[in-house]
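So the chains spell out like this:
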Protein chains: 2
Amino acid sequence: MNHFLRATRKHFFRVSVNFLHSRRRYFSTERDLALPTKTIKSILESLAINNEVEVHGWIRSIRTQKNVSFANVNDGSSLKGLQVVLTNDEAKKLTTGACVKMRGILAKSPGDGQSKELQAHYVEILGECDSTYPLQKKYHSMEFLRDNSHLRPRSNTFGAIVRIRNTAVLGFQNFFQKNEFFQIHTPIITSSDCEGGGEVFKISANRPKETTENFTRKEDFFEMPVYLTVSGQLHAEMLACAMSRVFTFGPVFRAEGSLTSRHLAEFWMLEAEIACLFKLEELLYFTERCIRETTRYILDGCTQDIEFFDQRMNKELIARLENTTNNPFSCLSYSEAIDILSKANQKFEHTPKYGCSLYSEHEKYLATDYCRGPVFITDYPREIKPFYMRVNSDGETAACTDLLVPDIGELVGGSLREERYDILEQNLKESNMIQENYQWYLDLRKYGTVPHGGFGVGFERYLQYLTGVENIRDVIPFPRAASYCKY
Amino acid sequence: MNHFLRATRKHFFRVSVNFLHSRRRYFSTERDLALPTKTIKSILESLAINNEVEVHGWIRSIRTQKNVSFANVNDGSSLKGLQVVLTNDEAKKLTTGACVKMRGILAKSPGDGQSKELQAHYVEILGECDSTYPLQKKYHSMEFLRDNSHLRPRSNTFGAIVRIRNTAVLGFQNFFQKNEFFQIHTPIITSSDCEGGGEVFKISANRPKETTENFTRKEDFFEMPVYLTVSGQLHAEMLACAMSRVFTFGPVFRAEGSLTSRHLAEFWMLEAEIACLFKLEELLYFTERCIRETTRYILDGCTQDIEFFDQRMNKELIARLENTTNNPFSCLSYSEAIDILSKANQKFEHTPKYGCSLYSEHEKYLATDYCRGPVFITDYPREIKPFYMRVNSDGETAACTDLLVPDIGELVGGSLREERYDILEQNLKESNMIQENYQWYLDLRKYGTVPHGGFGVGFERYLQYLTGVENIRDVIPFPRAASYCKY
């Protein structure tokens, strides 16, 4: 520590800065200061054997043989980690969960399961780990891991989830940039309520800073009731009606009391809005391409992780994802769907009925059993859909779609938006919404209105589809649900 | 409309789906269904003259000469839009703000200001716009535009902001992916309070769905007090202590009563956490590279928009940004900074004093006047910094830094995190925090602790730095502040 202090003072603080701009680097050499070690993934992928390397990571397991020991070291960069060959004496000092720094020579591995291994000649324990460590090498249930969310990313399962989440973000990002969209940021705190009803969280200011000179001393921080957003769509429309193609990716909220494996109080949603969209077909086609190309990107970028879930969670996972990327999605109108459900050789808890929303059991039947793949359901009755959806010329249905996928049900919801002022105004009235609060939304139809539409993808639902993980709380780092807000 | 309905029924609904997987496309030809028109930007960049093109966009201005008229059509894809040549008869039907679809031949433009123009032979008005349209072609103040946030993206200024925001996200994304980070998602609703005090928003569930069978009927939805997050750092640390390199980009919240041009109640923050970081120097170096490389990416990707701000907002903008990308940042310790401020030939409202936080006026003086560029201030006294910062070996200061930039002040805050269990426990006690609530955070130090650190960039502050825009409310689509939550 004294050494650190001296070094710091020497190289770091002795900087002369003055009006004449004589500015000196505080660094000895830049080379020393690149991030200290490469990740294990990049070492295994990019470095040839016989190279000297330094790694850091956490011990996942130790296996001691007669003359030599093997440690599996994982830094999160890949599922498998690095096999390190150690003397038995060195291995004795190590425990599962400890954080280590190791140096050695990268060698061809004679063992199964990896092509390279590290023959360590320097081992340093950065952080010890005693036997109370919850993640000892053995089977842990998903519930147990969830109760230890602060350590959960050190498990194979959740490490893979984090990597797939990252790649999925990139996949969507790439798709939308390629199609000339702008990523925008819609607000979390909002005074409008997109769906016109539903379970919302209310926000209140806590501990206002009364001493600040300009503080406006009101009961409400915002001087109006405000909520956590349930969707960025209406805000995205404002930007689409100027920038033409936009998408927003952010958290949305539902104060849903239901404690199911399908619901979170806070989840991420990807929402796209596209100006100059005239037909629902165009929206379906674009949505299909979005899901297909992003899924392809993830299959290619996270092969090892997806294979892990294929083996552990759902043996048909890869087949299903390949099918998603290779075959056209099916398409049924809502009334066709109701017909099919009515004739289905299956007992439903809720009887399918024209004019009612589809229940999760219906959605799953249509995608999993009937279509055996993704299926668009289109043109739902207007009455069961929000005010902003475009009214079809039959006057009865809306130009909208839900994309259903096997085992999950609804993955995407989209529609053309009502771009005609008079009809939108009428819709607001019929939905008992206060027109004054939506004048800005009507203004978009008054000043240069444009036929447009968009869709929203539930990000965690999509991750369930990609991984076969059954409970939605196991695909998000810190799940929030009724009675559940740990960390 | 009847035509649309017939076409829809014909191509779209007549799909046979059955158990034998005979699935048909609902599309006539895929080519018809790619997004209908290219953006103006990509037409101008990628298409040669004499090509027939179709565009859509909004009329920004119309100029009528003796024999011919010129309309400027903008679809948001670029600052300048497209010059369209029309007959005077066609131009008469058009108004500023109207949404149009046009077809014609791309031609070499004889005029100044553009190399190509569209000679239109088909003009269709998609959405009319009357003379009450607020954004008539004339000067509008930033305040006026802000009060019309739903139309604001149609102004040159805010359109440029949206494009720069998008490119900045991509710039950060590229930088972190290149350096092998995973993008993670930290929660918005949280039961912990990162900074240990401060102005937070409280959340309550509204309208609970009492009928749902599994609903837990409690007063609080989460059965504990929960808040909007002020920082994703502590959560990011949990993931860094498994995945090694992570970053999170999301909204954070402050219930600050102060109505200044520097504060928002909701803003976006980019936060990175890096495991195996041993020295503050490493953090400074990496932070500098992050800001420098992202700024370079934006200068290259948004040249036209940055030039616009250079001309309109701050004549020194490009020089300042070039300086940021080309020259090393300065560095001062906190005590050096206090020294410099004490001797400064300038009256401050708050007298600089060792042991006190720097005020905005101090920060601006150091970056703008003294260093004339970005400057890291390091090693602040422990007492004025949060409990999680690593204690230096002097026992008095923390291994932390603020990056100050001209005109803005603090842009980035970062530190090494206290990775030693005992010292962290002591810090919690001294900060009067309830240890039990942070046991998960202590656990990270108990089970395989690792020296680590990270930093956070205020995204809107960074956008102000990039654009010279003075009020932070003018760089975010829907600003939220005390008494202000429109839309």
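Residues numbered from 1 in each chain as written. Chains lettered and ligands numbered in written order. Predicted model: local features only at pLDDT ≥ 70, side-chain atom pairs only at ≥ 80, totals over all residues. Heavy atoms only, no water.

Novice: Describe the relation of the copies chain B and chain A, with residues and values.
Specialist: When chain B is fitted onto chain A, the two copies agree to an RMSD of 0.0 Å after a turn of 180 degrees and an axial shift of 0.0 Å. The transformation just described matches what one would write down for a two-fold rotation axis. No C-alpha of chain B approaches the rotation axis more nearly than that of Ile203 of chain B, which lies at 2.3 Å. Comparing contact sets, 100% of the residues at the interface of chain B also lie at the interface in chain A, consistent with an isologous, same-surface contact. (Least-squares fit on C-alpha atoms with pLDDT ≥ 70 in both. Contact = heavy atoms within 4.5 Å.)

Novice: A description of the interface of chain B and chain A should follow, citing residues and the corresponding values.
Specialist: Taken together, the contacts link 169 residues of chain B with 169 residues of chain A. A buried area of about 15,000 Å², summed over both sides, lies between chain B and chain A, and 62% of it is on carbon and sulfur atoms. Taken together, the connections running from chain B to chain A amount to 46 residue pairs in polar contact (both at pLDDT 80 or more). If you tally residues by element for the side of chain B that touches chain A, the top one is helix H5 (residues 156–178) of chain B, at 9 residues. Each residue belonging to the side of chain B that touches chain A can be placed in one class, and the counts come to 86 nonpolar, 46 polar and 37 charged. The pairing of strand E8 (residues 201–205) of chain A with strand E8 (residues 201–205) of chain B spans 5 bridges and is antiparallel. When the sheet's bridge partners are listed, Ser204 of chain A is paired in E8 of chain B with Lys202 of chain B. (Buried area = accessible area lost by both parts, 1.4 Å probe. Polar contact = N/O pair within 3.5 Å; in protein donor to acceptor, adjacent residues only side chain to side chain. Helix = DSSP H or I, 4+ residues; strand = E, 2+ residues; numbered from the N terminus. Nonpolar A, V, L, I, M, F, W, Y, C, P; charged D, E, K, R; others polar. Pairing = 2+ DSSP bridges.)

Novice: Tell me about the pattern of salt bridges, residues and numbers included.
Specialist: All names here are of chain A. Counting across every chain of the model gives 42 salt bridges over all chains. Measuring nitrogen to oxygen at the nearest pair gives 2.7 Å for the salt bridge that ties Arg445 to Glu237. With Arg445 in helix H13 (residues 439–446) and Glu237 in helix H6 (residues 233–243), this pair connects stretches of sequence that are 208 residues apart. On the basis of relative accessible area, Arg445 is assigned to the buried category, the value being 4%. Taking the relative accessible area as the measure of exposure, Glu237 reaches 0% and is therefore buried. Residue Glu293 is joined to Arg289 by a salt bridge in which the shortest nitrogen-to-oxygen separation is 3.4 Å. In this pair, Glu293 and Arg289 both sit in helix H7 (residues 280–301), 4 residues apart, roughly one turn of the helix. The class of Glu293 is partly exposed, set by a relative accessible area of 27%. Each member of the salt-bridge network shares a partner with another, and the members are Glu54, Lys101 and Arg103. (Salt bridge = Lys/Arg side-chain N within 4 Å of Asp/Glu carboxyl O. Buried < 20%, exposed > 50% of the residue type's maximum accessible area, 1.4 Å probe, protein only.)

Novice: An account of the packing of helix H5 (residues 156–178) of chain A against H5 of chain B is requested, with residue identities and associated values reported.
Specialist: Helices that pack against each other are described as a pair by the angle of their axes relative to one another and the distance between those axes. Where H5 of chain A meets H5 of chain B, the closest approach of the two axes is 12 Å, and the angle between their N-to-C directions is 135 degrees. When the axes of H5 of chain A and H5 of chain B are compared, the pair comes out oblique. Seen along the crossing, H5 of chain A lies across H5 of chain B with a hand that is left-handed. Taken together, the residues of H5 of chain B that come into contact with H5 of chain A (itself represented by Asn166, Val169, Leu170, Gln173 and Gln177 of chain A) are Asn166, Val169, Leu170, Gln173 and Gln177 of chain B. Classifying every residue of the contact of H5 of chain A with H5 of chain B by side-chain character gives 4 nonpolar, 6 polar and no charged. (Axes fitted to C-alpha atoms, helices over the stretch in contact; angles between N-to-C directions. Parallel < 35°, antiparallel > 145°, perpendicular 65-115°, else oblique. Left-handed = near helix turned anticlockwise from the far one by under 90°.)

Novice: Just give me the short version of the side chain of Ser244 of chain B, but keep the residues and values in it.
Specialist: With respect to the secondary-structure elements, Ser244 of chain B resides in the loop between helix H6 (233–243) and strand E10 (245–253). Not counting residues within four places of it along the chain, the set of residues in contact with Ser244 of chain B comprises His56, Trp58 and Asp75 of chain A together with Leu239, Glu273, Ile274 and Ala275 of chain B.

Novice: Kindly report on the nonpolar core, identifying the contributing residues and their values.
Specialist: Ranked by size, the top nonpolar core spans 134 residues in total, and within it Met102 and Phe176 of chain A together with Ile377 of chain B carry the most contacts. For this core, the element with the most residues is H5 of chain A, which contributes 10 residues. Once you skip the residues sitting within four places of it in the chain, Ile377 of chain B turns out to touch Leu332, Ser333, Tyr334, Ala337, Leu358, Leu366, Cys400, Thr401, Asp402 and Leu404 of chain B. In terms of nonpolar packing, the next biggest core, distinct from the first, is built from 132 residues, Ala272, Ile274, Phe308 and Phe455 of chain B among them. (Core = buried A, V, L, I, M, F, W, Y, C linked by side-chain atoms within 4.5 Å.)

Novice: An account of H6 of chain A is needed here, citing residue identities and associated values.
Specialist: For an α-helix, 3.6 residues make a turn, and residues three or four places apart therefore share a direction. Most of H6 of chain A is tucked away, with 11 of its 11 residues classed as buried. Turning to H6 of chain A, its buried residues are Gln233, Leu234, His235, Ala236, Glu237, Met238, Leu239, Ala240, Cys241, Ala242 and Met243 of chain A.

Novice: Before we move on, could you go through the packing of aromatic side chains and cite the residues and values that matter?
Specialist: Where two aromatic rings form a pair, the distance of their centres and the angle of their planes describe that pair. Scanning the model with the defined rule gives 54 aromatic pairs over all chains in all. A ring pair is formed by Phe176 of chain B and Phe247 of chain B, whose centres lie 4.7 Å apart and whose planes are at 15 degrees; its orientation type is stacked. Taken together, the positions of Phe176 of chain B in helix H5 and Phe247 of chain B in strand E10 put the pair 71 residues apart, joining distant regions of the chain. Centre to centre, the rings of Phe387 of chain B and Tyr388 of chain B are 5.6 Å apart; their planes meet at 75 degrees, and the pair counts as edge-to-face. Residue Phe387 of chain B shares its accessibility class with Tyr388 of chain B, and that shared class is buried. Here the aromatic residues Phe387, Tyr388, Tyr438, Trp440 and Tyr441 of chain A together with Phe478 and Tyr487 of chain B are joined through ring pairs into a cluster of three or more. Here Arg473 of chain A stacks its cationic end above the ring of Tyr484 of chain A, 5.4 Å away from the centre of that ring. (Phe/Tyr/Trp six-rings, centres within 6.5 Å; stacked < 30°, edge-to-face > 60°. Lys NZ or Arg CZ within 6 Å of the ring centre and 35° of its normal.)

Novice: How would you sum up the environment of Glu419 of chain A? Please name residues and give values.
Specialist: All names here are of chain A. Within the secondary structure layout, Glu419 lies in the loop between strand E15 (409–417) and helix H12 (421–430). Between the alpha carbons of Glu419 and Pro451 there is a distance of 5.7 Å; along the sequence they are 32 residues apart. Apart from the residues within four sequence positions on either side, Glu419 is in contact with Arg390, Arg445, Thr449, Val450, Pro451 and His452. A distance of 2.8 Å separates polar atoms of two side chains, one belonging to Glu419 and the other to Arg390.

Novice: Got a sec to walk through the pairing of strand E11 (residues 266–275) of chain A? Specific residues and values, please.
Specialist: All names here are of chain A. Of all 10 residues in E11, 10 are buried; the element is thus mostly enclosed. Of the two faces of E11, both are covered, the one formed by Glu266, Trp268, Leu270, Ala272 and Ile274 as well as the one formed by Phe267, Met269, Glu271, Glu273 and Ala275. Taken together, the 7 bridges between E11 and strand E16 (residues 452–458) define a ladder with antiparallel strand orientation. Note that in E16 the partner of Ala275 across the bridge is His452.

Novice: Residue-level account of the sheet that holds strand E12 (residues 330–333) of chain B, with values.
Specialist: All names here are of chain B. The 8 strands are arranged E6-E10-E11-E16-E15-E14-E13-E12 in an open sheet whose pairing can be described as mixed. Of all the strands in the sheet, the pair left with one neighbour each is strand E6 (182–184) and E12. Direction aside, neighbouring strands of the sheet carry axes that sit 20 degrees apart on average. Bridge count for strand E13 (residues 375–378) against strand E14 (residues 400–405) is 4 bridges, and the pairing is antiparallel. Considered in E14, the bridge of Ile377 is made with Asp402.

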